[in-house]
Amino acid sequence: QVQLVESGGGLVQAGGSLRLSCAASGRTFGRGAVGWFRQAPGKEREIVAGISLSGGSTYYADSVKGRFTISRDNAKNTIYLQMNSLKPEDTAVYYCAYSNFLRTVPTEYAYWGQGTQVTVAS
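Per-chain numbering applies: the sequence of each chain, read as written, is numbered from 1 onward. Note on the predicted model: pLDDT of at least 70 is required for a residue's local features to be given, and 80 or more for side-chain atom pairs to be given and counted; whole-chain, interface and lining totals, by contrast, use all residues. Hydrogens and waters are ignored; side-chain quantities use all the structure's heavy atoms.

*Asks:* Can you tell me about the state of the cysteines, naming the residues and giving the values?
*Replies:* Note on terminology: disulfide denotes any pair of cysteine sulfur atoms within 2.5 Å. What the rule picks out here adds up to one disulfide. Covalently, Cys-22 is tied to Cys-96 through a disulfide, its sulfur atoms 2.0 Å apart. Taking the torsion about the S-S bond as the criterion, the Cys-22 to Cys-96 disulfide, at about 70 degrees, is right-handed. Here Cys-96 lies in strand S9 (residues 92-99) and Cys-22 lies in strand S3 (residues 18-25), a separation of 74 residues in the sequence. Judged on exposure class, the residue Cys-22 and its partner Cys-96 are both buried. Helix numbers and strand numbers start at the N terminus; a helix is a DSSP run of H or I with at least 4 residues, a strand a run of E with at least 2. The rule is simple: take the accessible area with a 1.4 Å probe, protein chains only, and divide by the maximum for that residue type; under 20% is buried, over 50% is exposed, in between is partly exposed.

Next up, the structure:
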């Protein structure tokens, strides 16, 4: 029922910034939670950040604290991930996903977008 589409990925130099967007269709945000995940070649999919759509509680992985900011615009059915001070190790496919509660484990999310590639050049 929930469809998610990521956009905003691309190629940037180390130290640069990108803003990813996750747009939902078929419904409006207001309940549940959205998480941003990433997966690099040869590595497991991992949580980057998450946000509750109602209460606004957030979670950040230690590796991105102080550099990434997750936010939401419920009226636009959109979730954002502002990524600053990007490092080569941030290179991955980034996915947004929807759950009925803020969680950190990928298997707890029922709906996923197609992913958007982020490449950070050294």
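*Asks:* Describe the nonpolar core, listing the residues and the values that go with them.
*Replies:* In this description, a nonpolar core means a group of buried Ala, Val, Leu, Ile, Met, Phe, Trp, Tyr and Cys residues linked to one another through side-chain atoms lying within 4.5 Å. In this structure, Trp-36, Leu-81, Met-83 and Tyr-94 are the most contacted members of the largest nonpolar core, which totals 29 residues. Among the elements of the structure, S3, strand S4 (33-39), strand S5 (46-52), strand S7 (68-73), strand S8 (78-83), S9 and strand S11 (116-121) are those that each provide at least two residues to this core. By definition, residues are in contact when any of their heavy atoms lie within 4.5 Å. Beyond its immediate sequence surroundings of up to four residues, Met-83 is in contact with Gly-16, Ser-17, Leu-18, Leu-20, Arg-67, Phe-68, Tyr-94 and Val-118.

*Asks:* Could you give an account of the sheet that holds S8, with specific residues and numbers?
*Replies:* Strands in a sheet are paired, the pairing made by backbone hydrogen bonds, and the direction either parallel or antiparallel. Strand order in the open sheet formed by four strands is S1-S3-S8-S7, with antiparallel pairing between adjacent strands. Where the open sheet ends on each side, the last strands, each with one partner, are strand S1 (3-7) and S7. The sheet shows a mean angle of 15 degrees between the axes of neighbouring strands, taken without regard to direction. Where S3 lies against S8, six bridges are found, and the strand directions are antiparallel. Within S8, the residue paired with Leu-20 across the bridge is Leu-81. DSSP bridges decide pairing: two strands pair if at least two such bridges lie between them. Between the N-to-C directions of two axes lies an angle of 0 to 180 degrees, each axis being a line fitted to C-alpha atoms and, for a helix, fitted only over the stretch in contact.

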